[in-house]
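Each chain, written out:
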Amino acid sequence: MNKLQKQMKQEFEDKELFDQARDYAYEYIDGIEDMDVFPSQHNLESLTNFDEPLQQKSLQAKEVINQLHSFGSPATIAQIGGRYFGFVNGGAVPVSLGVKWLSDIWDQCGGLYLTSPINAMLEDVCEKWLKDIFNLPKETVAGFVSGTSMANLCGLAAARFHLLNKLGWDVHKKGLNGAPKLRILAHEQVHASVKKTLGMLGFGTNSIEWLPSDSQGRLVVDAVPKLDDHCLILLQAGNVNTGAFDDFTKVCDLANQAGAWVHIDGAFGLWARTTTSLSYLAKGMEKASSWAVDGHKTLNTPYDSGIIMCRYPDALVSALQSTGEYIIYSEHRDPLLYTPEMSKRSRAIELWATMKYLGKDGIDQMITTFHQRAKQLEEGLGKIGFKIINEVVFNQVLIATDNEEKTKQVIKYVQESRECWVGGSTWQGKQVIRISVCSWMTNEQDIERTISLFEKAIKN
């Protein structure tokens with residue numbers, strides 16, 4: 001055993017580095033409610049401490065962890081706190097962070113049953129639970145990926161394979177050159193990740209049949225043209241600005257009659273279906289062909305956690321096929337069949353822990369609370385002079401002032417305060433402020449403090 005092996009074995013055995021990491025983590029958690037939601041300029045400049053040549057000799061583990069905590073922790077976004085309202089980034093349920101610690105030590109490669117039986121089993125369990133709470137067809141299968149961008153890629157790849165295969169074209173053998181032309185239908189408010197995904201799959205944006213959307217970003221159903229079995233229709237559960245939901249029932253009925261494929265991008269909004277009071281928003285979603293959703297947004301699992309669900313198992317598996325002499329499949333679930341990755345993080349472990357901890361009632365309560373806090377923001381911000389741009393149907397609040405320059409000034413004031421963080425956006429060509437409520441830690445006091453901050457901003 002060489003000197004480095006001896007050092008690492010000793011670090012494993014004496015546990016000091018793990019105690020050190022634990023203590024730093026507790027320190028971070030204890031201070032999360034008081035820390036700047038966005039790092040100060042001083043803390044951002046301190047990141048230059050990492051910009052150094054790689055040293056020649058090995059270090060002690062405690063030196064590495066100390067440097068990361070000293071300069072890294074203060075330069076993080078306080079995303080797991082209660083006043084981060086940017087990018088629809090969720091918080092993290094405590095049990096999921098604890099389980100992630102444990103599973104990080106396991107360091108499982110989740111591609112095959114033979115590389116991680118525990119991950120394969122928990123993927124299977126999560127698949128069953130997801131079908132139950134989303135009320136999806138029993139034949140639906142799920143793949144666990146990094147996020148909705150990758151989930152969209154999987155869903156659209158499955159659609160491409162399925163539609164072309166029905167038309168007598170094997171895309172894996174023949175490629176796309178000379179393939180029957182598929183019709184891609186999307187409305188004007190389709191998410192940027194979907195456009196990116198379509199490009200990666202060989203469908204340029206010029207090939208999309210663009211359909212109009214209404215004032216809230218919902219597809220205008222009456223504008224849907226006559227469909228056929230060449231069609232792939234893209235819908236949304238939760239517009240990224242307004243939170244609005246498309247009419248799944250009407251569009252899916254039209255598509256299913258024509259043999260078309262409907263894919264629903266439900267990154268954060270699909271979870272509304274799991275609640276009692278908000279499930280109407282996603283009515284009819286079970287009639288679609290595939291669904292993409294995040295765990296790390298509305299469900300508050302740690303990063304990263306994306307899910308692709310598809311009612312046509314053969315299409316998903318065929319689209320994401322893996323072959324190799326060394327790959328040993330089992331009689332159990334082999335996760336790589338349902339994702340693009342062969343070596344993959346065992347992210348279903350944290351998803352399982354979050355769902356197991358919350359249960360159906362807990363999921364309902366947490367997600368419903370996001371809506372309640374969003375409505376509290378709507379009422380409070382409206383009273384102090386902000387224009388509420390959207391119908392606050394879920395967790396998104398879109399606001400503006402009477403003029404765009406003032407709106408930009410408000411964004412700047414709020415962001416620089418570091419008391420909370422919100423993002424700017426554009427809506428129908430005008431500058432707006434987008435507030436996303438999706439952390440379990442956000443309480444009534446956080447919202448009142450945020451409203452007070454906006455009141456100072458608009459008067460500034």
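The rules we used
Residues numbered from 1 in each chain as written. Predicted model: local features only at pLDDT ≥ 70, side-chain atom pairs only at ≥ 80, totals over all residues. Heavy atoms only, no water. Pairing = 2+ DSSP bridges. Helix = DSSP H or I, 4+ residues; strand = E, 2+ residues; numbered from the N terminus. Right-handed = clockwise from strand over helix to strand, strands pointing away. Axes fitted to C-alpha atoms, helices over the stretch in contact; angles between N-to-C directions. Buried < 20%, exposed > 50% of the residue type's maximum accessible area, 1.4 Å probe, protein only. Lys, Arg positive; Asp, Glu negative; His and termini not counted. Salt bridge = Lys/Arg side-chain N within 4 Å of Asp/Glu carboxyl O. Polar contact = N/O pair within 3.5 Å; in protein donor to acceptor, adjacent residues only side chain to side chain. Contact = heavy atoms within 4.5 Å. Phe/Tyr/Trp six-rings, centres within 6.5 Å; stacked < 30°, edge-to-face > 60°. Lys NZ or Arg CZ within 6 Å of the ring centre and 35° of its normal. Parallel < 35°, antiparallel > 145°, perpendicular 65-115°, else oblique. Left-handed = near helix turned anticlockwise from the far one by under 90°. Nonpolar A, V, L, I, M, F, W, Y, C, P; charged D, E, K, R; others polar. Core = buried A, V, L, I, M, F, W, Y, C linked by side-chain atoms within 4.5 Å. Patch = residues over 30% accessible without salt bridge, like charges linked within 9 Å, V, L, I, M, F, W, Y side chains within 5 Å. Areas by Shrake-Rupley, 256 points an atom, 1.4 Å probe, with all protein chains shown as cover. Expected span 1.5 Å × (residues − 1).

Undergrad: Is there a simple way to think about the sheet that holds strand S10 (residues 423-427) in this case?
TA: In a beta sheet, neighbouring strands pair by backbone hydrogen bonds and run either parallel or antiparallel. In spatial order, the strands read S8-S9-S11-S10; together these four strands make up an open sheet with antiparallel pairing. With partners counted over all chains shown, the strands left at the sheet margins are strand S8 (387-388) and S10, one partner each. As paired strands, S8 and strand S9 (residues 396-400) are joined by two bridges and run antiparallel to one another. Following the sheet pairing, Ile 388 is matched in S9 by Ile 399.

Undergrad: Sorry if this is basic, but what is going on with the pairing of strand S3 (residues 208-211) here?
TA: On a regular strand, one side chain projects to one face of the sheet and the next to the other, so that they alternate. Two elements, strand S2 (residues 183-187) and S3, share four bridges in a ladder whose sense is parallel. Along S3, the bridge assignment pairs Ile 184 with Ile 208. What joins S2 to S3 is helix H9 (residues 192-200), and the crossover it makes is right-handed.

Undergrad: Please clarify how the sheet that holds strand S6 (residues 290-294) should be interpreted in this entry.
TA: Strand order across the open sheet formed by seven strands is S1-S7-S6-S5-S4-S2-S3, with mixed pairing between neighbours. Lying at the two open borders of the sheet, with one neighbouring strand each, are strand S1 (141-145) and S3. Adjacent strand axes in the sheet meet at a mean angle of 20° when their direction is disregarded. For S2 and strand S4 (residues 231-236), the ladder comprises four bridges, and the chain directions are parallel. The partner of Arg 183 across the bridge, within S4, is Cys 231.

Undergrad: Help me understand the side chain of Lys 406 in this model?
TA: One can find Lys 406 in helix H13 (residues 404-417). The side chain of Lys 406 is buried and forms no salt bridge, while Glu 405, the nearest opposite charge, is found at 9.9 Å. From its side chain, Lys 406 meets the backbone oxygen of Asn 460 in a polar contact 2.8 Å long. Every residue in contact with Lys 406, bar those within four places of it in the chain, is listed here: Thr 401, Ala 457, Ile 458 and Asn 460.

Undergrad: What's the story with the packing of aromatic side chains in this structure? I'm lost.
TA: Inspection of the entire model under this criterion finds 11 aromatic pairs. Ring geometry for Phe 87 against Trp 421: centres 5.5 Å apart, planes inclined by 20°, an arrangement best described as stacked. Of the two residues, Phe 87 sits in the loop between helix H4 (61-72) and helix H5 (94-106) while Trp 421 sits in the loop between H13 and S10, which places them 334 residues apart along the sequence. Note on Phe 87: relative accessible area 49%, which makes it partly exposed. On the numbers, 5.0 Å between centres and 45° between planes, the contact of Phe 134 with Trp 271 is tilted. Linking Phe 134 in helix H6 (residues 117-134) with Trp 271 in the loop between strand S5 (261-265) and S6, this pair joins segments that are 137 residues apart in sequence. With respect to class, Phe 134 is no different from Trp 271; both count as buried. Sitting above the plane of the Trp 169 ring, Lys 174 keeps its charged end 4.7 Å from the centroid.

Undergrad: I tried to follow unusual backbone geometry on my own but got confused; where do I start?
TA: Residues other than glycine predominantly adopt negative phi, and peptide bonds predominantly adopt the trans conformation. Cis geometry is found at the peptide bond from Tyr 303 to Asp 304, where omega equals -5°. Of note in this structure, Arg 418 is not a glycine but carries a positive phi near 65°. Even without being a glycine, Gln 428 presents a positive backbone phi close to 50°. The residue Gln 428 is located in the loop between S10 and strand S11 (430-436) in this model.

Undergrad: Explanation requested: the pairing of strand S7 (residues 306-310) in the structure shown.
TA: Counting buried positions along S7 yields five of five residues, so the element is predominantly enclosed. Here S7 shows no split at all, with Gly 306, Ile 308 and Cys 310 on one side and Ile 307 and Met 309 on the other all buried. Bridge count between S1 and S7: five bridges; the pairing is antiparallel. Paired with Val 145 across the strands is Gly 306, a residue of S7. In this sheet, S7 lies alongside S6 in antiparallel orientation, the contact comprising five bridges. Paired with Asp 294 across the two strands is Gly 306, which belongs to S7.

Undergrad: Sorry, what's going on with the packing of helix H12 (residues 348-383) against helix H14 (residues 444-459) here?
TA: Helix packing geometry: the angle between the two helix axes and the distance between the axes. Where H12 meets H14, the closest approach of the two axes is 10 Å, and the angle between their N-to-C directions is 30°. It follows that H12 is roughly parallel to H14 by the angle criterion. The two elements H12 and H14 cross, and the hand of that crossing is right-handed. Contact residues: H12 offers Arg 373, Gln 376, Leu 377, Gly 380 and Leu 381, while H14 offers Glu 444, Ile 447, Glu 448, Thr 450, Ile 451 and Phe 454. When its residues are assigned to classes, the contact of H12 with H14 shows five nonpolar, three polar and three charged.

Undergrad: Could you clarify how one ought to interpret the nonpolar core in this entry?
TA: In globular proteins that are soluble, nonpolar side chains generally tend to be buried together. Counting 75 residues, the largest nonpolar core has Leu 130, Ile 233, Ile 264, Met 309, Ile 435 and Phe 454 as its most contacted members. The leading source of residues in this core is H12, at 11 residues. Ranked by size, the runner-up nonpolar core spans 35 residues in total, among them Ala 151, Leu 156, Leu 201 and Leu 232.

Undergrad: Quick question: what am I supposed to make of a nonpolar patch on the surface here?
TA: A contiguous nonpolar patch, built from Phe 12, Phe 18, Leu 102, Ile 105, Trp 106 and Ile 118 and spanning about 580 Å² of accessible area, is present on the exposed surface. No other element matches H5, which puts three residues into the nonpolar patch. One can find Ile 118 in helix H6. The exposure class of Ile 118 is partly exposed, given its relative accessible area of 32%.

Undergrad: Sorry, what's going on with the pattern of salt bridges here?
TA: Pairing between side chains of opposite charge can happen when the charged atoms of each approach one another. Going through the model one piece at a time under the given rule, you end up with 26 salt bridges. Here Lys 459 makes a salt bridge to Glu 455, at a shortest N to O gap of 3.5 Å. Placement of both Lys 459 and Glu 455 in helix H14 is noted, with a separation of four residues, approximately one turn of the helix.

Undergrad: How should helix H7 (residues 148-166) be read in this particular structure?
TA: Each α-helix winds once per 3.6 residues, and so residues spaced three or four apart point in a common direction. Here H7 is 19 residues long and its end C-alpha atoms lie 26 Å apart, about the 27 Å a rise of 1.5 Å per residue gives. Of all the 19 residues making up H7, 15 are buried; the element is thus mostly covered by neighbouring parts of the structure.

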